[in-house]
Amino acid sequence: MVSREKQRPLLVIAIGNPSRGDDALGPVLLQRLRDWLLNAPEAVSVRDSVELIEDFQLQIEYLLDLQQRARVLLIDAAENQAEACRCDRVGPHVDNSISSHAMSPGALLATCASLFPEITLPPVDVLSIQGICFELGEPLSQQAQENACLAWGYIENWILGQS
Amino acid sequence: MFALETAANPGNLRRVAIDPITRVEGHGKVTLLLDDNNKVHQARLHIVEFRGFEAFIEGRPYWEVPVTVQRLCGICPVSHHLAAVKAMDLIAGFGPLTPTAEKLRRLLHYGQILQSHALHFFYLASPDILLGFDSDHTRRNIIGVVADYPDLARQGVYLRKYGQEIIRHVAGKRVHGTGAIPGGMNKSLSQAERDEMAKDIAQMISWTQGAVQMVQKLHETHPDFYNVFGDFPSNMMGLVDKDGALDFYHGALRAVDAQGEIIFDQVDYRAYQDVLQEEIKPWSYMKFPHIKSLGADDGWYKVGPLARIQTASYLSTPLAEVERQAMMALGHGKPVHGTLMFHWARLIETLHAAEMIRDLLDDPVLLGTDLMAEPGPRRHEAVGVIEAPRGTLFHHYRVNDDDLVTYCNLIVSTTNNNQAMNEAVRTVADQYFDGREVTEGLLNHIECAIRAYDPCLSCATHALGKMPMEVELRNSAGEYLDLAARDASGHFAHKAWVA
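Residues numbered from 1 in each chain as written. Chains lettered and ligands numbered in written order. Predicted model: local features only at pLDDT ≥ 70, side-chain atom pairs only at ≥ 80, totals over all residues. Heavy atoms only, no water.

## Considering the overall build of chain B
Each helix and strand in chain B was counted, giving 16 helices and 17 strands. Across chain B, contacts joining residues at least 24 apart in sequence account for 68% of those joining residues at least 6 apart. If you sum the accessible surface of chain B, you get close to 16,900 Å²; carbon and sulfur atoms cover 52% of it. (Helix = DSSP H or I, 4+ residues; strand = E, 2+ residues; numbered from the N terminus. Contact = heavy atoms within 4.5 Å. Areas by Shrake-Rupley, 256 points an atom, 1.4 Å probe, with all protein chains shown as cover.)

And the structure:
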């Protein structure tokens, strides 16, 4: 049902609105990853193993994208986060966002486990990057740009299986 | 002046506030004033609308706008994309779209309608409708629906995914697609893409029809609740084609009164300011549009599914039209206005969209490669209107000789429904609030009234019954009587007053 070609083993989902200040962190890093996969010599071995998705928020249909994945990485800006960036493994967790347009990664996994028990949940990592300003029309803040540089190291290692 | 909008002597009344409301995009709150007999004297829905949209668009080259506007809202970007590009078709001076281009845009739009409606019903509304408004709030979510109605929950996800796949195939990507451009489309549909979509459409139609009939059965089984909840008369507005059929993508404006009598018909939406006017009130950041000829007090209206399918003379697809007739039969020749009818109407529209998708997929013109209209002289002002999932959406632009947008006015669907949502809150408060004890179920009743409109102001969350909310009850002397609060974890409790 709603079939697609065989899934690539690695899935990276960037969450954020490119026009809302530091909310663009996810999309900006995804674009950098896209360029790296296409052009970097060290990416040759993984170029065809990665699927990239970008959206404003995590919505329920993405649980179907979890099928047949070896690993999943979510990239998102975080408000009120002390660290410049951090990467956490998440598991199924029912929270406030469970019935909303913008699900948390834990809520998505919980819904997937409940609704589609036949899907083997892959390991899901969430890379949260500190954001400062989220106003419509604002560019990335200076701090966010610096944080993105730090985050890139995480992403490259994750893709290459070195995280 | 609206009944229950402003109390004559607010100083002698008790104030109840619901702040914030759950599942309203952006920030909203409800305030109620009651007398000592627990009668509601004032009920207001205050919504903070994000007003940066127009400023965000002004100054941009007009050809960027159909892509840029998608960033206004993560919930219905395709609606803004298509409304904007319809205006830019005219700004850029293009003539009528080629048949293939129009069919591709319609396919894109119907995919958006289907996935948006599916998400709202199966995921946001179904916990209330299927599990009960007063049911255990810890289960009143998708997990509860999965436990009791697993097949239905799965169907909802597949319907949602199917709609998103249509968007991906037509626009090139699920989000921020650039499919529609001024004058036409920038991507044709391949046979393989068409075949992939065609493979599942019969199943989507079947599931949607099943959902419509399930909701119909709820209304037939419990008419004293489902038909009466939040029932208030109103004018209604929507787009219709030249024969009066509902047209989600393009048509003329038609408005009818609460009895179904025509107020205006076949109005070119480019002249919307001749028939509609926006009013500002001091207690809300959202404007109050109304029909000019009827004035502010009598000219407000509702848009969206319940309004659309009753404003139109008929739906052009057979299965959906049968279901529309079944719903309207409850009115015995007059429109029906119960707030929960929105859900029934929304599913009928989902079925209608699915049938139209099937018909488009069967049309060989859809696979054509002639995608651009004939160019013509540039224009400096244009309006694009579309029936977004939530209701009529207006985009109005002016562009200077440097091709930059100098003026932008958006009337989003939820703004059109502002007064109607206020009336829904008032009606439900009047019907269900006992004034003596604030319960979690009461909070949810008021939220359900608003939720039926599927309001959307920005790409914020719709957290079902779980956002923090407080309702306080004070007597006419201002003394605290009761405080009920729901915290961020969804736990509800009465709290003792602490001086």
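## Focus: the sheet that holds strand β4 (residues 85-90) of chain A
Backbone-to-backbone hydrogen bonds pair the strands of a sheet. The strands run either parallel or antiparallel. Residues and elements named next belong to chain A. One open sheet accounts for five strands, arranged β2-β1-β3-β5-β4; its pairing is mixed. Each edge of the open sheet is held by one strand with a lone partner, namely β2 (50-55) and β4. Between one strand and the next, the sheet's axes are offset by a mean angle of 20°, whatever the strand orientation. Direction of pairing for strand β1 (residues 10-15) relative to strand β3 (residues 71-78): parallel, over a ladder of six bridges. Within β3, the residue paired with Ile-13 across the bridge is Leu-74. (Pairing = 2+ DSSP bridges. Axes fitted to C-alpha atoms, helices over the stretch in contact; angles between N-to-C directions.)

## Comments concerning the confidence of the model for chain B
Residues and elements named next belong to chain B. Put simply, chain B has an average pLDDT of 86, and 82% of its residues get 70 or more. Note that residues 457-469 has pLDDT below 50 and, in this model, 84 contacts with residues that lie over four places away or in other chains. Under the prediction, the complex receives an ipTM of 0.90, its pTM being 0.90. (pLDDT = per-residue confidence, 0-100.)

## Examining the pairing of strand β10 (residues 288-291) of chain B
Residue and element names in this part refer to chain B. Residues Phe-288 and His-290 line one face of β10 and the alternating positions Pro-289 and Ile-291 line the opposite face, and both faces are buried. Pairing between strand β9 (residues 276-279) and β10: four bridges, direction antiparallel. If you follow Glu-279 over to β10, its bridge partner there is Phe-288. (Buried < 20%, exposed > 50% of the residue type's maximum accessible area, 1.4 Å probe, protein only.)

## Description of the packing of helix α3 (residues 77-91) of chain B against helix α4 (residues 99-131) of chain B
Residue and element names in this part refer to chain B. Axis separation between α3 and α4 bottoms out at 9 Å; the angle between their running directions is 150°. Taken as axis vectors, α3 and α4 run roughly antiparallel relative to one another. Judged by the sense of rotation from one axis to the other, the crossing of α3 with α4 is left-handed. Across from Pro-77, Val-78, Ser-79, His-81, Leu-82, Val-85, Lys-86 and Asp-89 in α3, the residues of α4 making contact are Arg-105, Leu-108, His-109 and Gln-112. Each residue belonging to the contact of α3 with α4 can be placed in one class, and the counts come to five nonpolar, four polar and three charged. (Parallel < 35°, antiparallel > 145°, perpendicular 65-115°, else oblique. Left-handed = near helix turned anticlockwise from the far one by under 90°. Nonpolar A, V, L, I, M, F, W, Y, C, P; charged D, E, K, R; others polar.)

## Some remarks on the sheet that holds strand β6 (residues 235-240) of chain B
Residues and elements named next belong to chain B. The four strands are arranged β8-β7-β6-β11 in an open sheet whose pairing can be described as mixed. Of all strands in the sheet, those bounded by a partner on one side alone are β8 (262-267) and β11 (301-302). Alignment of β6 against strand β7 (residues 252-256), held across five bridges, turns out to be antiparallel. Residue pairing for β7: Met-237 is matched across the bridge by Ala-255.

## Quick word on the packing of helix α7 (residues 191-221) of chain B against helix α13 (residues 341-361) of chain B
Residue and element names in this part refer to chain B. Two elements in contact, α7 and α13, have axes whose closest approach is 9 Å; the angle formed by their N-to-C orientations is 160°. By the angle class used here, α7 and α13 are roughly antiparallel. Both α7 and α13 take part in a crossing whose hand is left-handed. Between α7 and α13, the contacting residues are Arg-194, Met-197, Ala-198, Ile-201, Ile-205, Thr-208, Gln-209, Ala-211, Val-212, Val-215, Gln-216 and His-219 on the first element and Met-341, Trp-344, Leu-347, Ile-348, Thr-350, Leu-351, Ala-354, Glu-355, Ile-357, Arg-358 and Leu-361 on the second. Considered class by class, the residues forming the contact of α7 with α13 number 15 nonpolar, five polar and three charged.

## Brief notes about the pairing of β2 of chain A
Residue and element names in this part refer to chain A. Within β2, five of the six residues are buried, which leaves it mostly tucked inside the rest of the structure. Bridging between β1 and β2 involves six bridges; their strand directions are parallel. Bridge assignment links Ile-13 to a residue of β2, and that residue is Ile-53. In this view, the connection linking β1 to its parallel neighbour β2 by way of helix α1 (residues 25-39) has right-handed handedness. (Right-handed = clockwise from strand over helix to strand, strands pointing away.)

## Re the environment of His-137 of chain B
All names here are of chain B. Here His-137 shows up in the loop between α4 and α5 (142-148). Overall, His-137 belongs to the buried group, its relative accessible area being 16%. Expressed as a C-alpha distance, the spacing of His-137 and Phe-248, which sit 111 residues apart in the sequence, is 36 Å.

## Quick word on the environment of Thr-111 of chain A
Assignment of secondary structure puts Thr-111 of chain A in helix α2 (residues 105-115). Accessibility expressed as a relative area gives 0% for Thr-111 of chain A, which makes it buried. The spacing of Thr-111 of chain A and Pro-92 of chain A is 19 residues in sequence and 7.8 Å in space, taken between C-alpha atoms. Apart from the residues within four sequence positions on either side, Thr-111 of chain A is in contact with Ile-60, Leu-63, Ile-98, Met-103 and Phe-116 of chain A together with Tyr-123, Ile-142 and Ile-143 of chain B.

## Regarding the environment of Gly-238 of chain B
All names here are of chain B. Summarising the element assignment, Gly-238 is placed in strand β6. As a C-alpha pair, Gly-238 and Glu-279 span 41 residues in sequence and 20 Å in three-dimensional space. If we skip the residues at most four places from it in the chain, Gly-238 touches Ala-252, Leu-253, Arg-254, Thr-311, Glu-387 and Thr-392.

## Notes on the pattern of salt bridges
All names here are of chain B. Using the criterion set out here, one finds 32 salt bridges over all chains in the structure. Between Arg-254 and Asp-265 there is a salt bridge, and its shortest N-O distance comes to 3.0 Å. Here the residue Arg-254 occupies a position in strand β7, and Asp-265 occupies one in strand β8, the gap between them amounting to 11 residues. Arg-254 sits in the buried class, given a relative accessible area of 7%. Look at Asp-265 and you get partly exposed, because its relative accessible area is 31%. In this structure, Arg-358 and Asp-359 form a salt bridge, with 3.2 Å as the shortest nitrogen-oxygen distance. By relative accessible area, Asp-359 is classed as partly exposed at 39%. A network of salt bridges, in which partner residues are shared, links Asp-128, Arg-140, Glu-447 and Arg-451. (Salt bridge = Lys/Arg side-chain N within 4 Å of Asp/Glu carboxyl O.)

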